[in-house]
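Observations on chain architecture
Each chain, written out:
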Amino acid sequence: MKNLLWRINFVFILIALSITSCHKQIDEPVNEQEASNIRMPFNQQLYLLNSTNKGSVIYEIDYDFQGLEDEAYLTEMKLTKNGRPFTIPRGGHMCISPKNDYITVVVSRKKKIYLVEIATKKVREIQLFTYDPEVTVQQMKANISKYRFRGKITQVDVDQDGYLFIAGKSGFYKVVADWGSAKNGGADIWNDKDPSLAGTKYAGQVWAHVVKFQFSGNIAVEGSEDEQFFEDDTYFEENEIQALNKVKFQGGDILFTQNSSETDGFEEQRLISFSQWKGGTAIYLNNMDWDWDDLKVEFNAGSIFGGLNAKIAEKMGGRVTGAALTGDNMVFTSHHFSEYLQLRTLNGKVVKDDVKMIILNESGEEINTLYHNWGDMASTQAFDKNSFNTTDPSQNSREIDGEYYDQWFRGELDGYQYAEVKLYRPHNFNYGVKDLSHDNYNVSKESRQNSANADLADFRKNASKFVSLGGEDGYVLMQLPNKVTVTDETTLQVVETSWGKKPYYEDVMEAWDAYQEKAAVYVHASYNGRYYEDGLEDSDDWVKIGDAYIANNEFHLAGDLPEGIEVSWIKIVDNGSNTGDGFDVNFVATYEKPLVKETLTEREILMRFYEATNGDNWVYSENWGSDLPVSEWFGITTNSDGKVIIIDLMGLNLNGTLIPELSQLEELNVLAVGLNLIQGELPLTYLENKNIREIYLFGNLAPIEIHPDFYGSHIMVFQ
C-alpha cells in the first residue's frame with residue numbers, strides 16, 4: 001500500500017505534462033450509407049403490362065431492391081400462341097398464378113383470361129362466363145353468348161386460398177373452375193380441364209365462371225363518409241381508420257398482401273384496393289369472411305394511402321394503373337402517363353418515387369424510356385419458408401433441421417421467436433452472377449445476397465441459408481414479430497454460420513482464430529413501429545449490446561438496456577471481418593433465459609482486462625500473459641493464498657474500458673487505474689464484491705460515469 005501511495009504522489013507531478021495527450025480527440029468515422037429497401041422474397045420476378053390501342057405488351061422488370069437504384073430496366077416478353085407471335089388485346093389487367101408459373105391477364109371486354117406461361121412465354125386462353133346456379137351446362141352450350149361475362153374489370157389478384165379475384169365498376173368477384181356449385185368449382189383455373197365440352201364444337205376450350213359477391217349488411221368501401229368502421233386488431237396500428245360506405249373499385253389495382261400461413265404468423269393478409277376514388281386513395285379490407293351459401297362477404301375496412309393520383313413532378317406520379325407486392329411490406333406502383341415507378345411501405349410512406357423505366361433490347365442495350373399508358377403490375381412471390389421441408393407438417397417451416405440443432409435451438413424457453421430481415425445493405429460481394437432462381441436459391445453461393453435467407457434458422461453444420469454482410473460496414477436490420485419487454489432474463493441470440501467449425505466458442509479470441517468474422521449487435525431503444533422508416537438505420541437510439549463472432553452468440557439485454565423497456569428492432573453491422581463475404585447471419589432469435597455467470601480463473605480475468613485496455617501498448621507490462629504466477633505480473637499484489645488483492649496500474653497508458661469481470665476477483669481490495677485513457681462507466685457489478693474498498697480513477701481521458709448506487713456504498717471511488 002505504501003508503494004501505491006508513493007506512486008500516486010509521483011504521478012501527480014506528471015499530470016501537467018500528460019494532460020494534452022490524455023485529452024486527445026479521436027475522430028469517429030462517419031457513416032454516409034444511404035437507406036435501402038426492405039427485404040425481397042427469394043426469387044421474385046416483377047412484371048409490368050403496358051396497354052395501348054395496339055395491344056398489351058408485358059415487360060419483365062430488372063430492379064435492384066437491395067440498393068434502391070434510380071432505374072428499372074424493362075425487357076419485352078415475346079409471346080407466342082399456337083407457335084406464332086401473339087399480342088394480348090388492349091385493356092388487360094394481370095396478376096401471377098399461385099404457383100408463380102403463369103402471368104394471368106384478364107381482358108374483360110374480350111370475356112377472356114390469357115395465361116402466359118412464364119417459362120416458355122406461350123399463351124393460352126380461358127373463356128369467362130357469369131355464374132348462375134340455375135343454368136345447366138346444356139343451356140349454356142345452346143346459347144353461350146347469353147351467359148358470357150360482361151363486367152367491367154380493372155383490378156385483379158389471387159387471394160391466400162388460390163382464387164383469382166377480380167373487381168371493377170361491375171362489382172366484386174371470385175373466379176371458379178368447372179361447373180356446379182360455386183364453392184365446389186375449385187380455385188385452380190390454371191390447370192383446369194373441361195371434359196363436359198368433349199365432343200362439342202367447344203372441345204379443348206376451358207370455361208371459368210365468375211361468382212359475384214355482395215357485401216354483407218351493405219358494408220362498403222368508397223364514397224361519402226357516413227358510416228364508421230373500427231378494427232379491433234392493432235396489427236396495422238399506424239393506419240388511420242376512416243368513415244367509408246360505398247364499394248366502387250374504380251380504376252387502379254388490387255393486391256393481396258402476405259398472409260399468416262405464408263409467413264408463419266408474421267403477416268396478416270389484407271386486400272388493398274388502389275382506387276381512383278378521392279384523388280387516389282388506397283382502401284384496405286381485413287378479416288374477410290366469405291359466405292358461399294349467400295354469396296356475401298364481411299370484412300373490416302379503412303384507408304391507408306392518399307393522394308395517389310397527384311403528380312409529384314412532370315411525368316412523375318399520377319393515377320395508379322398497377323400495384324405489385326415487392327417484399328413483405330413494400331408496394332411498387334405504376335402510374336398513367338408517367339415514366340416513373342413509385343415504391344411505398346404498406347402504411348403508405350414513400351420510400352422512392354422516381355424509379356425511371358428504361359427499355360432494353362434483346363441485347364441488353366438501352367433503347368428508350370417507357371411512358372406508361374394503362375395496364376398493371378404483378379410479381380412472383382416465393383416466401384421465406386423452409387423449402388427443404390415439403391412434406392412433414394410437424395417441422396417448423398422456419399427451421400431446417402441439422403447437426404447443430406441441439407446446440408442452437410432454444411425453443412423450449414419462454415418467449416422464443418425468430419426475427420425477420422427488414423432492411424439489408426451488404427458492403428460488397430465478390431460473386432459475378434446473382435442466381436436467385438427457384439432451383440438454386442437454396443444452395444448457390446449467390447443466394448447469400450438474398451436477405452430473406454436469414455429469416456430461416458438453418459441448423460446444419462454446413463448451412464446454406466444465411467445472409468452475408470459483404471464486409472466492413474455492411475449491415476442488416478431485423479424485426480421481431482412480437483415486441484419484447486426486457487427483463488433480467490431477456491436474451492438475444494445471433495447465430496453466425498459455422499461451416500464446419502464448432503457450434504460454440506467460449507473465448508472470443510478462439511472464435512476469431514477459428515474464422516475471422518465479427519459484427520456489432522445493436523438494439524433500438526425507442527422505435528417499435530410496424531414498418532421500417534427512412535433513416536432508421538442511422539438513428540442515435542441504437543444501443544450496442546456486444547460483438548458477435550462465429551457460431552452461437554447470446555446477449556443478455558438487461559446489461560445494456562433498462563428493465564421494462566420494449567424492443568423489437570435489431571441491427572447487425574460487420575465491424576472488421578477478414579473474409580471475402582463478411583459476417584454471415586444465419587438467424588436471430590429472442591427468448592427468456594436465466595443469466596449464468598461465466599466461471600473464469602483469475603489469470604483469465606486479468607488477461608481480459610489486459611485486452612480490454614490495449615495491454616500491448618501499456619508503458620510497462622512485465623510478465624503479463626506469461627506462465628509465471630500472477631503475483632509476478634507488474635502491478636499485481638496477491639495474498640498468501642495467491643488471490644489478487646491489489647491492481648495498481650496508474651499512469652501506464654491503459655486505453656479502453658473497465659470490464660465487469662474484475663468483480664469476480666473475490667479478494668480484490670484496491671483497483672488503481674487513474675491517469676490513463678480509461679473511458680466509459682464503472683460497472684455496477686463491482687458493488688457485488690464486498691471486498692473492494694478503494695477505486696482510483698482520477699486523471700483519465702474523460703470523467704468515468706459513476707452510478708449513484710456507488711455513493712454511500714462500501715467502495716470509496718476517487719475521481
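On a predicted model such as this, the values are computed, not experimentally measured, just so you know. (Residues numbered from 1 in each chain as written. Predicted model: local features only at pLDDT ≥ 70, side-chain atom pairs only at ≥ 80, totals over all residues. Heavy atoms only, no water.)

Looking only at helices and strands, the protein has 9 helices and 45 strands in total. Buried positions account for 54% of the 719 residues belonging to the protein. Excluding contacts between residues fewer than 6 apart, the proportion of contacts in the protein whose partners are at least 24 apart in sequence is 65%. Per element, the accessible surface of the protein, about 31,700 Å² overall, is 47% carbon and sulfur. (Helix = DSSP H or I, 4+ residues; strand = E, 2+ residues; numbered from the N terminus. Buried < 20%, exposed > 50% of the residue type's maximum accessible area, 1.4 Å probe, protein only. Contact = heavy atoms within 4.5 Å. Areas by Shrake-Rupley, 256 points an atom, 1.4 Å probe, with all protein chains shown as cover.)

Moving on, we get to the packing of aromatic side chains. In the structure shown here, the tally under the stated rule is 28 aromatic pairs. Pairing tyrosine 63 with phenylalanine 332 gives two aromatic rings, centres 5.4 Å apart and planes at 65°, and the pair type is edge-to-face. Note that tyrosine 63 is positioned in the loop between β2 (55–62) and β3 (71–76) and phenylalanine 332 in strand β22 (residues 330–335), a separation of 269 residues in sequence. The two residues tyrosine 63 and phenylalanine 332 agree in class, both being buried. Ring geometry for tyrosine 696 against phenylalanine 698: centres 6.4 Å apart, planes inclined by 90°, an arrangement best described as edge-to-face. With respect to burial, tyrosine 696 and phenylalanine 698 carry one shared label: buried. (Phe/Tyr/Trp six-rings, centres within 6.5 Å; stacked < 30°, edge-to-face > 60°.)

Spatially, the 8 strands line up as an open sheet ordered β6-β7-β8-β9-β13-β12-β11-β10, and their pairing is mixed. The open sheet has two free edges, formed respectively by β6 (93–96) and β10 (155–158), since each of these has just one partner strand. Averaged over all neighbouring strand pairs, the angle between strand axes comes to 30°, with direction disregarded. Bridge count for strand β8 (residues 112–117) against strand β9 (residues 123–130) is 5 bridges, and the pairing is antiparallel. The residue of β9 that forms the bridge with valine 116 is valine 123. (Pairing = 2+ DSSP bridges. Axes fitted to C-alpha atoms, helices over the stretch in contact; angles between N-to-C directions.)

Our next topic: helix α9 (residues 602–612). Glu602, Ile605, Leu606, Phe609 and Tyr610 are the residues of α9 that are buried. Looking straight down α9, one finds its buried side chains confined to an arc of 145°; they lie on one side. After α9 finishes, the residue asparagine 614 shows a positive phi value of roughly 60°. (Arc of directions from axis to C-beta.)

Another aspect to go through is the sheet that holds strand β40 (residues 644–648). The 5 strands are arranged β39-β40-β42-β44-β45 in an open sheet whose pairing can be described as mixed. A strand with exactly one partner marks an edge of an open sheet, and here the two such strands are β39 (636–638) and β45 (716–718). Taking each pair of neighbouring strands and ignoring which way they run, the sheet shows an average axis angle of 10°. The pairing of β39 with β40 spans 3 bridges and is antiparallel. Within β40, the position partnered with threonine 638 by the bridge is valine 644.

Further remarks concern the pattern of salt bridges. As enumerated under the stated definition, the model contains 14 salt bridges in all. Among the salt bridges present, the one from aspartate 547 reaches lysine 544, with a minimum N-O distance of 3.1 Å. Shared partners join several salt bridges into a network, and the residues in it are Asp70, Lys352 and Asp354. (Salt bridge = Lys/Arg side-chain N within 4 Å of Asp/Glu carboxyl O.)

All right, on to the side chain of arginine 344 then. The residue arginine 344 is located in strand β23 (residues 340–345) in this model. One buried charge, arginine 344, has no salt-bridge partner; the nearest side chain with opposite charge is aspartate 353, at 7.3 Å. (Lys, Arg positive; Asp, Glu negative; His and termini not counted.)

The subject of this paragraph is the confidence of the model for the protein. Of all residues in the protein, 76% attain a pLDDT of 70 or more, and the chain-wide mean is 79. Here residues 218–247 is modelled with pLDDT under 50, and outside its nearest four sequence neighbours on either side it reaches 80 contacts, counting other chains as well. Confidence drops under a pLDDT of 50 for residues 430–443, and excluding neighbours within four residues, the segment shows 36 contacts in the predicted structure. (pLDDT = per-residue confidence, 0-100.)

This next bit is on the side chain of glutamate 399. Inspection of the secondary structure puts glutamate 399 in strand β27 (residues 399–400). A relative accessible area of 11% places glutamate 399 in the buried class. At 2.6 Å, the side chain of glutamate 399 forms a polar contact with the side chain of tyrosine 418. (Polar contact = N/O pair within 3.5 Å; in protein donor to acceptor, adjacent residues only side chain to side chain.)

This next bit is on a negative patch on the surface. A contiguous patch of negative charge, built from Glu506, Asp507, Asp513, Glu604, Glu611 and Asp616, is present on the exposed surface. As for its position among the elements, glutamate 506 is in the loop between β33 (490–496) and α8 (508–514). (Patch = residues over 30% accessible without salt bridge, like charges linked within 9 Å, V, L, I, M, F, W, Y side chains within 5 Å. Charge placed at Lys NZ, Arg CZ, Asp CG, Glu CD.)

It is worth spelling out the environment of proline 503 at this point. Here proline 503 is to be found in the loop between β33 and α8. A relative accessible area of 17% places proline 503 in the buried class. Spatially, the C-alpha atom of proline 503 lies 7.6 Å from that of tryptophan 408, the residues being 95 residues apart in sequence. When residues no more than four places from it in sequence are discounted, the contact partners of proline 503 are Tyr404, Gln407, Trp408, Ala551 and Asn552.

What follows is about the pairing of strand β32 (residues 475–485). Both strand β29 (residues 420–425) and β32 contribute to a ladder of 5 bridges, which runs antiparallel. Counterpart to leucine 423 in the pairing with β32 is leucine 477.

Here we take up unusual backbone geometry. Backbone geometry places aspartate 473, a non-glycine residue, at a positive phi of 80°. Locating aspartate 473 in the fold gives a position in the loop between β31 (467–468) and β32. You can call aspartate 473 partly exposed: its relative accessible area is 42%.

In terms of burial, strand β36 (residues 551–556) is a largely internal element, 5 of the 6 residues being buried. By the bridge criterion, 6 bridges tie β33 to β36 in an arrangement that is antiparallel. Within the sheet, the bridge partner assigned to glutamine 493 lies in β36 and is glutamate 554.

A separate point is the nonpolar core. Residues Leu606, Phe609, Ile647, Leu658, Leu662, Leu682 and Tyr686 are the most contacted members of the largest nonpolar core, which totals 33 residues. Not counting the four nearest positions on each side in its chain, leucine 606 is found in contact with Trp624, Val630, Trp633, Ile636, Val644, Ile647 and Leu665. Judged by nonpolar contacts, the second largest core, of 28 residues, contains Val484, Val486, Ala519 and Ile572. (Core = buried A, V, L, I, M, F, W, Y, C linked by side-chain atoms within 4.5 Å.)

A few words on the environment of leucine 48. Among the structural elements, leucine 48 can be located in strand β1 (residues 46–52). On a C-alpha basis, the gap between leucine 48 and glutamate 76 in space is 9.5 Å, while along the polypeptide they are 28 residues apart.

A few words on the environment of alanine 551. Inspection of the secondary structure puts alanine 551 in strand β36. Placed 35 residues apart in sequence, alanine 551 and asparagine 586 show a C-alpha to C-alpha distance of 8.8 Å. Excluding anything up to four places from it in sequence, alanine 551 contacts Val494, Val495, Glu496, Lys502, Pro503, Tyr504 and Tyr505.

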